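Survey of secondary and tertiary structure
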Amino acid sequence: MASTASTATHELTYDRFTILLHWLTAILVVTLWALGQSIGFFPEGPFRKGLLGVHILLGIMVGAVILARIGWRLSHGRRLPPADQGALEWVAKGAHLGLYLLLVLTVAFGLGRAWVHGVEVFHWFTFPRPAFATRAVTHTISEVHGDLGDIIVIVAGLHAAAALFHHYGMRDSVLRRMLPGKRRG
Ligand code: HEM
Ligand code: HEM
C-alpha cells in the first residue's frame, strides 16, 4: 500500500554527506575539548608541544568541516521538517543555530589564541606573534577560547540528551534520521 505524504516525510533521513559531517563534527569537538583540557597537565616539553600541535591541526580540521557543513546546508543539503512543534521547535532551531555560532567562534578564538601565543606546530609552521599581543590580550583571548569550548560541550550535551529523549522517550524517528544506515528517500 502506498504510504501517505506525511508518513513519507516522517521517514525521510538526512543525506549521507550531512550525516558524515554531523558525526565528524561531534567526534572532533569532544576530542578537541578533552585534548584542550589535558594539555596543561603535562610538563613543558616535546610531548606537550606535540599534543598542542594535534589540538591545533584537529581544530583547523573541524573549522573546515563546519564551513563545508554550512555551505552544504545552504546549497544541496537535505532539510527536513522540524522535529518539534510550537515553542520546542524554536528551542531546537535556537540550539542548532547556537551550536553553529559557538563552533565558528571557538575555532576563530582558537586560531587567535595560537596566533597571540606565537605557537609552533610540529616544526612545520609558527604562528607569527603580533605586536598587539600584550599579556592582557593574550589572557583574554585564551580565556574566551576555553570558555567557548566549555559552553559548546554543555549545549551539545543538552542537544544530545534531547535527541536521546526523542528516541527512547517519545519513540519517534528524529535520532534515526541523523544515523547512518539504510537510506529512505
Ligand atoms: C559536539 C557534539 C555535537 C554537535 C556540535 C552537534 C551539532 C548539531 C547541529 C548544528 C545540528 C543541526 C543540523 C542542521 O539542521 O543543520 C544537529 C542535528 C542533530 N543532532 Fe547533533 N551535534 C552533536 C552531537 C550529537 C549527538 C551525540 C547526537 C545523538 C545522541 C546528536 C543528534 C542529532 C540529531 C538527531 C540531529 C537532527 C535534529 C533534527 O532533525 O531536528 N547530535 N547537531
Ligand atoms: C571546536 C573546536 C575547539 C575546541 C572545543 C577547543 C577546546 C579547547 C579547550 C577546552 C582548551 C583548554 C582551555 C583552557 O584550559 O584554557 C583549549 C586550548 C587551546 N586551544 Fe582549543 N579548541 C578548539 C579549537 C582550536 C583551534 C582551531 C585552535 C587553533 C588553531 C585551538 C588552539 C588552542 C590553544 C593554542 C590552546 C592552549 C593549549 C595550552 O597551551 O594549554 N583550539 N582548546
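Quick note: structure is the one above.
Residues numbered from 1 in each chain as written. Chains lettered and ligands numbered in written order. Predicted model: local features only at pLDDT ≥ 70, side-chain atom pairs only at ≥ 80, totals over all residues.

1. Quick notes on the site of ligand 2
Taken together, the neighbourhood of ligand 2 is formed by 28 residues, with G36, G59, G110, G146 and G149 sitting nearest. For the shell around ligand 2, the secondary structure elements donating two or more residues are α2 (16-39), α3 (46-74), α4 (87-117) and α5 (135-169). Looking at which element gives the most residues to the shell around ligand 2, the answer is α4, with eight residues. Of the residues that constitute the shell around ligand 2, the class distribution is 14 nonpolar, 13 polar and one charged. (Near = placed C-beta within 6 Å. Helix = DSSP H or I, 4+ residues; strand = E, 2+ residues; numbered from the N terminus. Nonpolar A, V, L, I, M, F, W, Y, C, P; charged D, E, K, R; others polar.)

2. Description of the site of ligand 1
Close to ligand 1 lie 21 residues; A26, A156, A160, A163 and M178 are nearest. Elements with a contribution of two residues or more to the shell around ligand 1: α2, α4 and α5. In the shell around ligand 1, the residues fall into 15 nonpolar, four polar and two charged.

3. What about α2?
Counted at 1.5 Å a residue, the expected span for α2 with its 24 residues is 34 Å, and the 34 Å between its end C-alpha atoms agrees. The complete set of buried residues in α2 reads T18, L21, V29, L32 and G36. Elements that come into contact with the buried residues of α2 comprise α3 and α5. (Expected span 1.5 Å × (residues − 1). Buried ≥ 20, exposed ≤ 12 C-beta atoms within 10 Å, placed from the backbone. Contact = placed C-beta atoms within 7 Å.)

4. Things to note about α3
Here α3 spans 42 Å end to end across 29 residues, near enough to the 42 Å set by a 1.5 Å rise per residue. For α3, the set of buried residues is L52, H55, I56, G59, V62, V65, I66 and R69. Contacts made by the buried residues of α3 are with α2, α4 and β1 (120-121).

5. Focus on the packing of α2 against α5
Contact geometry of α2 with α5 gives a least axis separation of 10 Å together with a crossing angle of 140°. Between α2 and α5, the angle is such that the two are oblique. Here α2 and α5 pass one another in a crossing that is left-handed. On α5, the residues that touch V29, W33 and G36 of α2 are G149, I152, V153 and A156. Residues belonging to the contact of α2 with α5 are distributed by class as follows: five nonpolar, two polar and no charged. (Axes fitted to C-alpha atoms, helices over the stretch in contact; angles between N-to-C directions. Parallel < 35°, antiparallel > 145°, perpendicular 65-115°, else oblique. Left-handed = near helix turned anticlockwise from the far one by under 90°.)

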